[in-house]
Amino acid sequence: MHLVLGQLVDSSYLDRIFEEINVKLQQTGLVSVGDLTVQYDLPGEFLQKELVLRLGTIVNGQLDPIDTRIVFTEAFTAQHKARIRGFLSGATKPTKVSTLISRYGLSERLFFNTLDELMASGQLQGSVAGGRHDKTSSFVPSIYTRAKNDWIDSFYKHNNYLEYATLSRLGVADAIGFVRKRYESEQLTYLDTCAISGLILEQIEAAAEDQLTGSFWIDVSTVCPSYFSDGDVHKVMDVVLPKSTQLSDTKIFCDTVLIKNVLVQMATKRFDDVINTKADEALQLGLVLLGNRTTTSKKMSGSKPTKGTDSKKDRKDERRMKATGGIRKVSVG
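Keep in mind that what you see is a predicted model, and the values were worked out from it rather than measured.

As a further point, take the layout of surface pockets. In this model, the largest pocket occupies a volume close to 160 Å³. Every residue lining the largest pocket is listed: Gln62, Leu63, Asp64, Pro65, Phe72, Thr77, Ala78, Lys81, Leu110, Asn113, Thr114 and Glu117. Broken down by secondary-structure element, the contributors of at least two residues to the lining of the largest pocket are strand E4 (62-63), helix H4 (74-89) and helix H6 (108-120). At four residues, the largest contribution of residues to the lining of the largest pocket is made by H6. When grouped by side-chain class, the residues that make up the lining of the largest pocket number five nonpolar, four polar and three charged.

Written out as structure tokens, the structure is:
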């Protein structure tokens, strides 16, 4: 007897319940303790414990190794394994897990465990990308990975560069990391949009030196591959200039323009007269402003005594008029 939620539950009653559960399990291939809790109005922990005790006797099934509240039949797991193996054996490109589950009615709970078993046993050749979640993960067959890597190797062998955008379109999530790992023995230069070999650097250096031989300047982008961005050209120049003796006496302007220092000096000399004229004008303007300030100061300092003298004269006249009774003496000539 068991005391459950204030009620006594007999073991024989539980046996009859699990016989019913086993019938349903054999029909559907899967039952969950959560569904049983709602159906029989019994605590989930209690049902879970009693279910485990009856596995292999009354209940013919096995627990899910990840979620022990789920029970499968052997026939159900074997059927799912066969279906998953059949669907993915013929895959030649990445296949979304969510598409397989929804289209063929597979169990999400069983899918990843079954897939791991099939790959571990060698029955399936591939890998899972995007984590173990049906909405983001994909199965990538080995044949696709080999074909992709062969294409990338062939392209690099014939062109000596790899564009990050192209690798992304092929499904490479981290293009730079992929190139570093796969071509770690190669001396590659990593630019903004691509990775290039030393051969391309040598070609750009030779072309730039050749064009600068009879000229004072060159737009380096004209001797770089068409897939280079302005940022790529600038970074290439940062790498090439320190190594080249012929290009060392130059300066970079506007990211892509390489100008000889002699042309910069010649251009600077053309502005000497203008600079001197502007300096003289600035000097004259400064002297005028200084002279104006000096004149204004003198006027201000000279006006103060005059004002004081006039005021003293006015007061003297006022005292004289008071002494004479307000009569002012006028002389007639």
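The structure having been displayed, the exposition proceeds.
Before going further, it helps to spend a moment on the packing of helix H10 (residues 198-212) against helix H11 (residues 230-240). Running from N to C, H10 and H11 point in directions that differ by 85°, and their axes come no closer than 11 Å. In terms of orientation, H10 and H11 fall into the roughly perpendicular class. Judged by residue contacts, Leu201, Ile204 and Glu205 of H10 engage Val236, Met237, Val239 and Val240 from H11.

What follows deals with the confidence of the model for the protein. On average, the protein scores 79 in pLDDT, and the residues at 70 or more come to 81%. Below a pLDDT of 50 lies the segment residues 327-333, which in the model reaches two contacts outside its immediate sequence neighbourhood of four places, other chains included.

Regarding helix H5 (residues 97-104), the residues found buried are Val97, Leu100 and Ile101. Each buried residue of H5 sits inside an arc of 95° when the element is viewed along its axis, so together they form one side. Residues Ser102 and Arg103 are exposed on H5 and point more than 90 degrees away from its buried face. On its buried face, H5 sits against H4, strand E6 (95-96), H6 and strand E8 (138-141). Gly105, located one to two residues past H5, shows a positive phi value of around 65°.

Let's shift gears to the sheet that holds strand E13 (residues 250-253). Spatially, the three strands line up as an open sheet ordered E12-E14-E13, and their pairing is antiparallel. Edge strands, defined here as strands with exactly one partner in the open sheet, are strand E12 (217-219) and E13. Each neighbouring strand pair of the sheet contributes to a mean axis angle of 20°, computed without reference to strand direction. Examined bridge by bridge, E12 and strand E14 (residues 257-260) share three bridges and lie antiparallel to one another. Paired with Ile218 across the strands is Leu258, a residue of E14. With respect to the sheet, helix H12 (residues 261-269) is in contact with E12, E13 and E14, its orientation differing from that of E14 by roughly 75°.

What counts, and where the lines are drawn
Residues numbered from 1 in each chain as written. Predicted model: local features only at pLDDT ≥ 70, side-chain atom pairs only at ≥ 80, totals over all residues. Heavy atoms only, no water. 1 Å grid on protein atoms, 1.4 Å probe; cavity = no way out; pocket = protein on both sides within 12 Å on 5 of 7 lines; lining within 4 Å. Points joined across faces, edges and corners; volume = space filled by probe spheres on them. Helix = DSSP H or I, 4+ residues; strand = E, 2+ residues; numbered from the N terminus. Nonpolar A, V, L, I, M, F, W, Y, C, P; charged D, E, K, R; others polar. Axes fitted to C-alpha atoms, helices over the stretch in contact; angles between N-to-C directions. Parallel < 35°, antiparallel > 145°, perpendicular 65-115°, else oblique. Contact = heavy atoms within 4.5 Å. pLDDT = per-residue confidence, 0-100. Buried < 20%, exposed > 50% of the residue type's maximum accessible area, 1.4 Å probe, protein only. Arc of directions from axis to C-beta. Pairing = 2+ DSSP bridges.

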